[in-house]
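Structural description and commentary
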Amino acid sequence: MVALVIILTVVVLLLTVLVAGLLRSHADILKALHDLGAGVGDPSQEPINLETHNHSHDQERNQRRARNRDRNANGGPISSPIPFTMGSPLPGERNSTSAPTIAGVTPTGDALAIAVSGNDHLTLIAFLSSGCATCAGFWEAFQAPEHLGLPDGIRLVVVTKGPEMEIAGEVQAKAHSRLQVVMSTDAWGDYEVPGSPFFVLVDGSAGRRIGEGVANHFSQVAELVRRAQVDMQAFGVGTRREGGSRSRAFAGGLDGPARESANDQELRAAGILPGDPSLYPSSFEDVFPSDIDVLPPYPEGAGTNPPAQRSTPERRAG
Amino acid sequence: MATLQAHGIHAQLPNSFEGRIFVRPRVADEITYPVAHFATFPLPNQVGDFGSGAVTLMGPSDIFAVLFEYGPESVGTRLFARQGMPRSLGIDDFRPNLLRRGIGGQSGTQWFFTESERPFTFYAVLGSHARRAALVPHVNGLLSNLSLSPQPLAAAPGTVAWN
């Protein structure tokens, strides 16, 4: 009996030592994983006081930095920050609508720079690549620029990535001799192109982008360009129609508080002050009054009169 | 300010200027040399060395300029005795009778020189002789941002290479 008790006591002591060793080993593993960035919380830290969470968070961060310094000095694990970049920032003088000159090389190796600002025409920039399947249709359509259906006076420029990312021979094989093609990776960054195909429409007189987006067929692009041209005529964008601008804010490319301020100024100049009933339409008739016809008189003998085009409050105000 | 560089010609383009630096493809046994075109209006794809096909498109506020290189046999001749490109031109340097192709209202200037052991001519056209006082500073702005290397670059940008 005495022998049995002694044996059981020894076994219990051995198991106690074994469990204590396992717990110690587990704690070391958790600590090592925490130093590598895995897991939540630090077993060597005091519990976080919810009332002073922000302060204790800073203290915890400082203590962790100090601990890392000590470990590095002792030859322990080294924690180093992982570099993380969001892409090169645009130069300070640019914004999301600016239209810098496109400079690069041609597929034959010549240097070419195309200024899209500082002139009085629209430029359609097609960002294409030689390999993408969707771009193939556009390359084919550009073989006959006269059949593209673009409004008159639109300059078409194709921009691929530079020769370090495109094979110039492939681009040359796809480009028509009358088509202006610039190979420039920088231009893709300047115009924040997300992928190909991508189209940007630039108003040269205002020196800014007035439209951008993607399309599957060039007819869709041509339609968007045509609409943009109509909008420009309606709102007098740029300096093309001096004195015809209905919105200086829109024409000047203003945004944010500057645009709001400019619009307020225009409304005041038109006699529309804060609280004016026209600012709070309550019915469809308030927005599109039926008694205003902005179309010219219909010629006599031309059959029934066409439906009247209704003016908008903005047109009345301007 | 966009940068244009090829065939030993380097240009920092002032605002509103666009440009092209190229070597015309050879025909038969001829030897062709680099040509640079600069303009404040859209340059057509096909333009003659000295602007034919482009100067007729100019408006009164436009500028067209050419930097044209000659063969090395011209180095040391009297025509190219001037050393260095002109960097600042005056309004009296532009005259209607200096145009290679006389177009009413326009005026031009032409300079022959040697720089970096390369013989060049610089030819510029103003869209309006009457507005030369306002336009010549823009020509000078372009000239001050042009530079020539002693030898054309060994590998022109755009040379096909394996990725």
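Before any of the text, the structure's been laid out above.
Summary of the structure given here. Here the structure is a predicted model, which means the values were calculated and not measured.

Moving on: the overall build of chain A. Summing up its helical and strand segments, chain A has 10 helices and 7 strands in all. Buried positions account for 23% of the 318 residues belonging to chain A. For chain A, the proportion of contacts with a sequence separation of at least 24, taken over those separated by at least 6, is 58%.

This next bit is on the environment of Leu150 of chain A. Residue and element names in this part refer to chain A. In this structure, Leu150 sits in the loop between α3 (133–141) and β4 (154–160). Residues Leu150 and Leu124, spaced 26 residues apart in sequence, show a C-alpha to C-alpha distance of 9.6 Å. Apart from the residues within four sequence positions on either side, Leu150 is in contact with Leu124, Leu156, Ala222 and Val225.

For the rest of this paragraph, the subject is the sheet that holds strand β8 (residues 146–148) of chain B. As a general point, the strands of a sheet are linked pairwise by backbone hydrogen bonds and lie either parallel or antiparallel. All names here are of chain B. The antiparallel open sheet is built from 3 strands, whose spatial order is β1-β2-β8. Looking at strand neighbours, the two that pair on one side only are β1 (2–6) and β8, the edges of this open sheet. Averaged over all adjacent pairs, the angle separating strand axes in this sheet is 10 degrees, with direction ignored.

This part takes up the pairing of strand β3 (residues 18–23) of chain B. Of all 6 residues in β3 of chain B, 5 are buried; the element is thus mostly enclosed. Bridging between strand β2 (residues 111–114) of chain A and β3 of chain B involves 3 bridges; their strand directions are antiparallel. Across the sheet, Ala111 of chain A pairs through a bridge with Ile21 of chain B, a residue of β3 of chain B. Strand direction decides the pairing type here: β3 of chain B and strand β4 (residues 34–39) of chain B, joined by 6 bridges, are antiparallel. Across the sheet, residue Arg20 of chain B finds its bridge partner in β4 of chain B, namely His37 of chain B.

So, about the nonpolar core. Ranked by size, the top nonpolar core spans 80 residues in total, and within it Ile102, Ile125 and Val182 of chain A together with Phe64 and Ala65 of chain B carry the most contacts. A total of 6 residues in this core trace back to one element, the largest contributor, which is strand β7 (residues 118–126) of chain B. Discounting chain neighbours no more than four positions away, the residues touching Ile102 of chain A are Ala113, Ile114, Val116, Val157, Val159, Val182, Ser184 and Ala187 of chain A.

Residue and element names in this part refer to chain A. Burial along strand β5 (residues 180–183) is two-sided: the residues Gln180 and Val182 and Val181 and Met183 are all buried. As paired strands, β4 and β5 are joined by 4 bridges and run parallel to one another. Counterpart to Val159 in the pairing with β5 is Val182. Since β4 and β5 lie parallel, the crossover through helix α4 (residues 168–174) that links them has a hand, and here it is right-handed.

Attention now goes to the interface of chain A and chain B. Quite often, the size of an interface is put as the accessible area lost when its parts meet. With 22 residues of chain A at the interface, the matching set in chain B holds 22 residues. Among the secondary structure elements, those contributing two or more residues to the side of chain A that touches chain B are β1 (102–105), β2, α4 and β5 of chain A. Here the side of chain A that touches chain B takes 4 residues from β2 of chain A, the largest share from any one element. Per-class residue counts for the side of chain A that touches chain B are 12 nonpolar, 7 polar and 3 charged.

Thresholds, definitions, all that
Residues numbered from 1 in each chain as written. Chains lettered and ligands numbered in written order. Predicted model: local features only at pLDDT ≥ 70, side-chain atom pairs only at ≥ 80, totals over all residues. Helix = DSSP H or I, 4+ residues; strand = E, 2+ residues; numbered from the N terminus. Buried ≥ 20, exposed ≤ 12 C-beta atoms within 10 Å, placed from the backbone. Contact = placed C-beta atoms within 7 Å. Pairing = 2+ DSSP bridges. Axes fitted to C-alpha atoms, helices over the stretch in contact; angles between N-to-C directions. Core = buried A, V, L, I, M, F, W, Y, C linked by C-beta atoms within 7 Å. Right-handed = clockwise from strand over helix to strand, strands pointing away. Nonpolar A, V, L, I, M, F, W, Y, C, P; charged D, E, K, R; others polar.

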